[in-house]
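# Remarks on the overall topology
Listed below are the residues making up each chain.
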Amino acid sequence: MATHADDQRLELLQGTLDMLILRTLQWGPRHGHGIGQAIRTQSDDLLKVETGSLYPALHRLVKRGWLKADWGVSEANQRAKYYRLTAAGKAQLVREQDRWSRLVHAIGRIMNPAPGK
Amino acid sequence: MRPDESDLNEEIRGHLAIDIKERIDRGEDPVSARRAALMEFGYAPAVRDEMRRVWYSRWYDQTEALARDVRFALRSLTRAKALTVTMVVTLALGIGANTAIFSVVRSVLLRPLVNRDADRLIYIRQTARGIGTENLTFSVPEINDFKSRATTIAAFGDFSTVDFTVIGFGQKPRLVKAGVVNGSFFEVMGLRPVLGRLLHAADDGPAAAGAVVLTHRFWTTALHSDPSVIGQTIRLGPRPATVVGVLEPSVPYPEETQLIANVVTSPHHSLAMMKTARTHRMTELFGRLAPGATLEAARAELSSVHASIVREYPQAYSARAHVQLQISTLRDQLTAPAQTILLVLLTATAVVFVIACSNVANLILARSVRREGELAVRAALGAGRVALRRTLLAESLVMCTGGAILGLVLAQPLVTVASRYAARFSVRALDATVDASVLWLGAGLAVIAAVLLAFVPRLPSSDRTASVGLAGGSVRVTAGTNRRLRIFATIQIACSFVLLAGAGMLIATLTALQTANTGYDMRQVLAIDVPPSATAVVDATRSAFFPEATRRIGELPGVQGVAAGVVVPWRDRGSSVSAIGVRLAAEGYQPADGEERPTAQLRAVSAGFFKVMGVPILAGRDFTDEDRSDTDPVAIVSQSVAKRLFPNADAIDRRLHSTLGTAKPRRIIGVVADLDDQNIVQGPTLTVYEPIRGGLVGGLANRLFIRAAGDPSMLVPPVTRIIREISADQAVERPATLDDVRADVLTPERLNTFVFSALGGIALLIAVVGVAGVLAFSVGARMREFGVRLAVGSTPRDLRTEVLWDGVRIAAFGIAAGVAGGYAVVRIAAGVWGTVQLPGALSLIGAALVLIGAAAVASIMPAMRASRIDVLQAFRSD
């Protein structure tokens, strides 16, 4: 199993989980387990979402209308809930992405000030 | 839209299934794949709760969880049946007693009166504490003075009580108590009719027609709510009156009467004495505050009016009597006598509630120690402190709900008993019922108990979880738990001690009263009231009545003697006739300087009275039928009078000067033993007896005394028949032997004692169960220790003694705490009520002995168990 040691794993920044979920669903519906796995593999095992955070977050996004959930049958032949983006969710993803890049930019300016400026 | 519980569960199951499959696909074996998936997922219920919390409010969430816990609690409690029953019954006793007493307190002290603007309705009374009278009532001249001088009172209503013989309603002649009121009475009281009309100003004056209003209770019970009684004409003694209406249900004050009539119906009220004699007091006075006037203003004004009346007519207000005016709202007047006793009762039941709760707390604590393992498992699985408390709360809620339901079932009969009891102090108690507000109280008490009880057990703290054997859930009693158990047991003993000491005090009082020897054999004496048709109206037929009646009754078989009198001992105590007294003056008697002349009570009796009552004649002779006060006035005096007036000489043939009226001096013809007809406990009594005929109070004679050879009750029908034959309209009331009268007079004391003893008994029972529980638990927890000690040479006897002493020690600590706490309570109570009667040493020692004994008995079972421990088993047990 290719897992990083615990000290290398990163804590999710407050408020970023919603954005990550929206992002992983950009290419099509997935079930909860799949979303968790996607965040993990796409971050090279640096980010691991606890189920205790992931599932409540999914339900919160559904409640806000950014996701829609439908029952389907998984590859394990088990009924599972599949989540997909709604139109409002897509718009929200754009907003969050924009906000995030501005935040990264701003923080980057503080942490690595441009020389001579 | 909202996912429900099964949705959430299925989503979690789906996640796990997918995870397990992926792990197996990666090459893990199914068992470890499953374990890893579960480990990684975490505590599923917590995740599910988080998901649900997104959709449902926090309250819903907690309630949901509580409901789950309640279902669990129900299951686990039904497994421990004996324990559950004990706890539920204990709580039921506590809750039932409290709700019952509270409903009485509420109906007496808290419920508003039906009277319109009851807070502006005042009751005015004169006290004469110098002669021991709390309510002197008023005379007509006094009332007229108030009416003409007071400005803060819009209107006065007056009320005097008169016994009428009522003939009408198609029934036998019956004696009824009636109120005689002026026309403004009902307006002042602010009462309405349910039928017909009430009395008003047009019913005042000597020319008005007789008019009668029926009280609601009389109309509904005696007349079966018959509406056709309105307009009927009935006879009140000699005078006719028309029934004009029925009063709404209201507090009967100052007296429970059957009728309320206008003044013209009462011949007594038209006597000159009634209208002019300032000291002829028999009327109670009510007032309604004038608009804008406050109670304080009325109090100030009426007091100054009263002061000037006292100055103007000094002869009517003796300095010794110390006549004063008291003004209170009717409501306060009604509730004041009951307030103290009810608050004491409420406190006592609250104490019982505390005992019940602390006992249940003990049982729960003992049980929770056994559950520590289970709680630790839950904590290890991620259940937070809140969740654990909730589990405990669910269990105590289930128990307390059971207790409350059973308690309210108990409350129903308890209210009946308690209201009858409290009715002796306030008429308002009679309509106490169990209703919704009491249900709320029961529920409230249950919730309070549940919450308190849920916080009794200690939660397994995170660092201690490791020390508890999870799988076995085995018991390891900490010193802290044991100490808590002991504290609760001590509280119970302390509270029980206070209650028992109180009950002991009441029992001592009652026993003293009951065993007080009157010195006379009164089992065979039958007393009968034969009231005149209207009070104090003497007519020719009446004076012929008693000689005729006594002669004919005396001829009945089984009758040993018949006599007439004015006062039935004890039953008529405090009646207006029994209060008549004479200042003693006699030739050859000179009071010492500054000494008031002693006052003796005056009694009119017929010949044979002393023989019937069994009172020995010590010197001289009895009255005969020829003795008449008007020609040759004679008197018989009690031994105390003789000793007081003539300490060194014979009283016979001395002359007694009456200070009442202008009667001639009376010649003393006999001396009899003292008979105290006012007090159960006999004391020296100054009494002057005069013959019925021609005496001062002889005209008031209305009591017959019959000494029977056999069963006195057998004589009642023939005696009634004879009386009716002599006078068809004569009422015959309340036949009873004097022994029964005495027992009846003691009823309030007996009830007090009964209620407190019952509460004390409940407390004792609960405390015994508590002590036994604590010791049983402590023995159970020390099994191993006892085993070791037996193994190294202790005898079973040593262990037995130790456990017994343990129980006695708890009791001793409890009693010490009870003495201290009780003393503090008494000090506080003394601050509120002035004086508080303290239980005597005997009651205190008695209560202490009872508790020590009970604790020893409670320790026997655990002690036996300790001494029978099998050493090998003890080692294996942990």
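Criteria and thresholds
- Residues numbered from 1 in each chain as written.
- Chains lettered and ligands numbered in written order.
- Predicted model: local features only at pLDDT ≥ 70, side-chain atom pairs only at ≥ 80, totals over all residues.
- Helix = DSSP H or I, 4+ residues; strand = E, 2+ residues; numbered from the N terminus.
- Buried ≥ 20, exposed ≤ 12 C-beta atoms within 10 Å, placed from the backbone.
- Contact = placed C-beta atoms within 7 Å.
- Nonpolar A, V, L, I, M, F, W, Y, C, P; charged D, E, K, R; others polar.
- pLDDT = per-residue confidence, 0-100.
- Axes fitted to C-alpha atoms, helices over the stretch in contact; angles between N-to-C directions.
- Parallel < 35°, antiparallel > 145°, perpendicular 65-115°, else oblique.
- Left-handed = near helix turned anticlockwise from the far one by under 90°.
- Core = buried A, V, L, I, M, F, W, Y, C linked by C-beta atoms within 7 Å.
- Expected span 1.5 Å × (residues − 1).
- Pairing = 2+ DSSP bridges.

## What about the overall build of chain B?
Within chain B, the regular secondary structure consists of 24 helices and 21 strands. Scored against the burial criterion, the 878 residues of chain B give a buried share of 42%. Excluding contacts between residues fewer than 6 apart, the proportion of contacts in chain B whose partners are at least 24 apart in sequence is 83%.

## Here's the deal with the overall build of chain A
Along its length, chain A carries 4 helices and 3 strands. Tracing chain A from N to C terminus, the helices and strands come up as α-β-α-α-β-β-α. Taking all 117 residues of chain A together, 25% fall into the buried category. A sequence separation of at least 24 residues applies to 52% of the contacts in chain A between residues at least 6 apart.

## Details of the interface of chain B and chain A
Contact residues are listed per partner, giving 16 residues for chain B and 17 residues for chain A. For the side of chain B that touches chain A, the secondary structure elements donating two or more residues are helix H1 (5-25) and helix H3 (44-55) of chain B. Ranked by residue count, the leading element in the side of chain B that touches chain A is H1(B), at 8 residues. For the side of chain B that touches chain A, the class distribution of residues is 8 nonpolar, 3 polar and 5 charged.

## Describing the confidence of the model for chain A
With 88% of its residues at a pLDDT of at least 70, chain A reaches an overall mean of 85. Low pLDDT, under 50, characterises residues 1-5 of chain A; the stretch is placed with 5 contacts to residues that sit more than four places away or in other chains.

## Considerations on the packing of helix H3 (residues 51-64) of chain A against H3(B)
In the contact formed by H3(A) and H3(B), the axes pass within 9 Å of each other and the chain directions differ by 20°. With respect to their mutual orientation, H3(A) and H3(B) come out roughly parallel. Crossing of H3(A) over H3(B) shows right-handed handedness. Of the residues in H3(B), those in contact with A:Thr51, A:Gly52, A:Tyr55, A:Pro56, A:His59, A:Arg60 and A:Lys63 of H3(A) are B:Ala46, B:Val47, B:Glu50, B:Met51, B:Val54 and B:Trp55. Residue composition of the contact of H3(A) with H3(B), by class: 7 nonpolar, 3 polar and 3 charged.

## Digging into the nonpolar core
All names here are of chain B. Leu 91, Val 352, Phe 497, Ala 763, Val 771 and Leu 851 are the most contacted members of the largest nonpolar core, which has 99 residues in total. In terms of residue count, helix H14 (residues 479-515) provides more of this core than any other element does, 16 residues in total. In contact with Val 771, not counting residues within four places along its chain, are Ala 489, Gly 807, Ile 810, Ala 811, Ala 855 and Ala 858.

## Description of helix H4 (residues 87-111) of chain A
For an α-helix the count is 3.6 residues per turn, leaving residues at separations of three or four pointing the same way. With 25 residues, H4(A) should reach 36 Å at 1.5 Å per residue; the first-to-last C-alpha distance of 36 Å fits that figure. Sparse coverage of H4(A) is indicated by the burial of 2 of its 25 residues.

## Notes on the environment of B:Leu738
Residue and element names in this part refer to chain B. Mapped onto the secondary structure, Leu 738 falls in helix H19 (residues 738-745). Classification of Leu 738 by C-beta neighbours within 10 Å gives buried; the count is 25. In this structure, the C-alpha to C-alpha distance between Leu 738 and Pro 569, residues 169 residues apart in sequence, is 7.5 Å. Apart from the residues within four sequence positions on either side, Leu 738 is in contact with Met 522, Val 525, Ala 527 and Pro 569.

## Overview of the sheet that holds strand S11 (residues 525-529) of chain B
Residue and element names in this part refer to chain B. Overall, antiparallel pairing links the 4 strands, which are arranged S12-S20-S11-S21 in an open sheet. Either end of the sheet is taken by a strand with one partner, and the two such strands are strand S12 (559-565) and strand S21 (733-737). Within this sheet the neighbouring strands show an average axis-to-axis angle of 15°, counted without direction. Of the pairings in the sheet, the one linking S11 to strand S20 (residues 703-708) comprises 5 bridges and is antiparallel in character. Bridge pairing in S20 places Leu 526 opposite Ile 706. Running over the sheet, H19 touches S11 and S21 and is turned about 100° from S21.

## A word on the packing of helix H2 (residues 32-42) of chain A against H3(A)
All names here are of chain A. For the pair H2 and H3, the least separation of the axes is 10 Å and the interaxial angle reads 115°. When the axes of H2 and H3 are compared, the crossing they make is right-handed. Residues Gly 32, Ile 35 and Gly 36 of H2 form the contact with H3, whose participating residues are Leu 54, Tyr 55 and Leu 58. Of the residues contributing to the contact of H2 with H3, the split by class is 4 nonpolar, 2 polar and no charged.

## Points about the environment of B:Ala366
Mapped onto the elements, B:Ala366 comes out in helix H11 (residues 330-380). With residues near it in sequence (within four places) discarded, B:Ala366 still touches B:Leu485, B:Gly773 and B:Phe777.

## A word on unusual backbone geometry
Residues and elements named next belong to chain B. Phi is positive for Asp 117, which is not a glycine, with a value near 45°. Tracing the sequence through the fold places Asp 117 in the loop between helix H5 (81-110) and strand S1 (121-128). A residue is classified by how many C-beta atoms lie within 10 Å of it, and Asp 117, with 10 of them, is exposed. A positive phi angle, close to 55°, is found at Phe 169, a residue other than glycine. Counting through the fold element by element, Phe 169 comes out in the loop between strand S2 (153-168) and strand S3 (171-181). By C-beta crowding, Phe 169 is classed as partly exposed, having 15 other C-beta atoms within 10 Å.

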